[in-house]
Amino acid sequence: MLVSFLIMLPFVALAGFLLGGLVELAALRLPSSEPFLAPPSCPRCGSLRSRWSWLLPRPCPTCGSIPRSQLTLQLLTALTLVLVWLRFFTEPLAVLRVSLFALLLLLIARIDWAHHLIYLVTVVPALALALLLAGTVSLRAFLLAIAGMVSAAVLFAVFYGLGWLLYRRAALGSGDIVLAALIGAMVGALHLLPTLLLGMLLAALAAIWLLVLRRVSRMTYLPYGSFLAAGTVIGLLLWGPA
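Residues numbered from 1 in each chain as written. Predicted model: local features only at pLDDT ≥ 70, side-chain atom pairs only at ≥ 80, totals over all residues. Heavy atoms only, no water.

(A) Structural view of the overall build of the protein chain. Of the regular secondary structure elements, the protein chain holds 8 helices and 0 strands. Reading the secondary structure of the protein chain in the N-to-C direction produces α-α-α-α-α-α-α-α. Relative to the globule expectation of 18 Å for 242 residues, the C-alpha radius of gyration of the protein chain, 19 Å, shows essentially globular dimensions. Referenced to the eigenvectors of the C-alpha coordinate spread, the extents of the protein chain come out at roughly 55 × 50 × 35 Å. Here the protein chain holds 242 residues, and 43% of them are scored as buried. Summarising the internal contacts of the protein chain: among those between residues at least 6 apart in sequence, 64% fall at separations of at least 24. If you sum the accessible surface of the protein chain, you get close to 12900 Å²; carbon and sulfur atoms cover 73% of it. Side-chain charges in the protein chain split into 15 positive and 5 negative, and the spacing between the mean points of these groups amounts to 7 Å. (Helix = DSSP H or I, 4+ residues; strand = E, 2+ residues; numbered from the N terminus. Rg over C-alpha atoms; globule rule 2.2 N^0.38 Å. Buried < 20%, exposed > 50% of the residue type's maximum accessible area, 1.4 Å probe, protein only. Contact = heavy atoms within 4.5 Å. Areas by Shrake-Rupley, 256 points an atom, 1.4 Å probe, with all protein chains shown as cover. Lys, Arg positive; Asp, Glu negative; His and termini not counted. Charge placed at Lys NZ, Arg CZ, Asp CG, Glu CD.)

(B) How the structure looks around the packing of aromatic side chains. Under the counting rule described, the total for this entry stands at 3 aromatic pairs. Taken together, a centroid distance of 6.0 Å and an interplanar angle of 65 degrees make the contact between Trp113 and Phe227 edge-to-face. With a gap of 114 residues between them, Trp113 in helix α3 (residues 92–115) and Phe227 in helix α8 (residues 224–239) connect regions that are remote in the sequence. According to the relative accessible area criterion, Trp113 is exposed, its value standing at 52%. (Phe/Tyr/Trp six-rings, centres within 6.5 Å; stacked < 30°, edge-to-face > 60°.)

(C) Inspection of the pattern of salt bridges at higher detail. Across all of its chains, the model carries 1 salt bridge by this definition. For Arg110, the salt bridge identified is with Glu24, shortest N-O distance 2.8 Å. Note that Arg110 is positioned in helix α3 and Glu24 in helix α1 (residues 2–29), a separation of 86 residues in sequence. On the basis of relative accessibility, which here comes to 18%, the residue Arg110 falls in the buried class. Of the residues examined, Glu24 reaches a relative accessible area of 4% and is grouped as buried. (Salt bridge = Lys/Arg side-chain N within 4 Å of Asp/Glu carboxyl O.)

(D) Representation of the nonpolar core. Counting residues in each nonpolar core, the largest one holds 44 residues, and the members touching the most others are Phe156, Leu179, Leu182, Ile183 and Met186. Of all the elements, helix α6 (residues 174–187) adds the most residues to this core, at 9 residues. The residues touching Met186, leaving out its near neighbours within four places in the chain, are Phe101, Leu105, Ala130, Thr232, Leu236, Pro241 and Ala242. Counting 8 residues, the second largest nonpolar core, distinct from the first, contains Val23, Leu73, Leu106 and Ile111. (Core = buried A, V, L, I, M, F, W, Y, C linked by side-chain atoms within 4.5 Å.)

(E) Layout of a nonpolar patch on the surface. Together, Val150, Val154, Val158, Phe159, Leu162, Leu165 and Leu166 make up an exposed nonpolar region whose accessible area comes to about 650 Å². With respect to the secondary-structure elements, Leu165 resides in helix α5 (residues 139–167). Overall, the relative accessible area of 61% leaves Leu165 in the exposed class. (Patch = residues over 30% accessible without salt bridge, like charges linked within 9 Å, V, L, I, M, F, W, Y side chains within 5 Å.)

(F) Structural view of α8. Between its terminal C-alpha atoms α8 stretches 22 Å, which fits the 22 Å expected from 16 residues at 1.5 Å a residue. Taken as a whole, α8 has its buried residues at Gly225, Ser226, Phe227, Leu228, Ala229, Gly231, Thr232, Val233, Gly235, Leu236 and Leu237. Among the residues trailing α8, Gly240 stands out with phi positive, at a value near 85 degrees. (Expected span 1.5 Å × (residues − 1).)

(G) Inspection of the side chain of Gln70 at higher detail. Mapped onto the secondary structure, Gln70 falls in helix α2 (residues 68–88). Setting aside chain neighbours within four positions, we find Gln70 in contact with Glu24, Arg49, Ser53, Trp54, Leu55, Leu56 and Pro57.

(H) Region of interest: unusual backbone geometry. At His116, a residue that is not glycine, the phi angle is positive and equals roughly 55 degrees. Along the chain, His116 turns up in the loop between α3 and α4 (120–137). Using a relative accessible area of 37% as the deciding quantity, one classes His116 as partly exposed.

See the structure below:
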């Protein structure tokens, strides 16, 4: 088992790197009206790059720049899937579930980071998938996923209402409520609160750091969904799915 475990590691890393390119491509295409497989453009000068450059970041033929965001996301995805394999390699179904959840969360986080939006077209299918996969494990896992989904949605709906009462504006977006429901379905009711706290902690640390550096003000919008998604990936690695 140890030999097969070690042999699979580089293949998992390679798969993660390539899938990270697909996540980046989806994050660029979903908010736009461009065809999914249209040739990507250089983020610096706008010139067209190779149609398949989303698989392997290459220097722009015009300005020579390398798409750093794509490369960062691909390396992060590869690292995430390797950690999933290290954590759950004796549980094939858990590897499948957590890998799929991590890819979907990375997509949601990438779009929210770039556009400050959470698209239902990414969250709703992911929510259905999370409940379906929980149902394949056991009735208990399915019920925990349902309970987590409902609890998280209610909790964030309360936060949303408090934001209007205290600040006369939305402290959260409606997309954050749906994302919270997805997180609850992924991690289940038992690990919902510590997972959400991880995301909130990441957001708070980032805000404090940026305030200290004076790069933002107290009224600056931060992509809260990205931090919640990152906290959920960490929570899945620590405690597993519902």
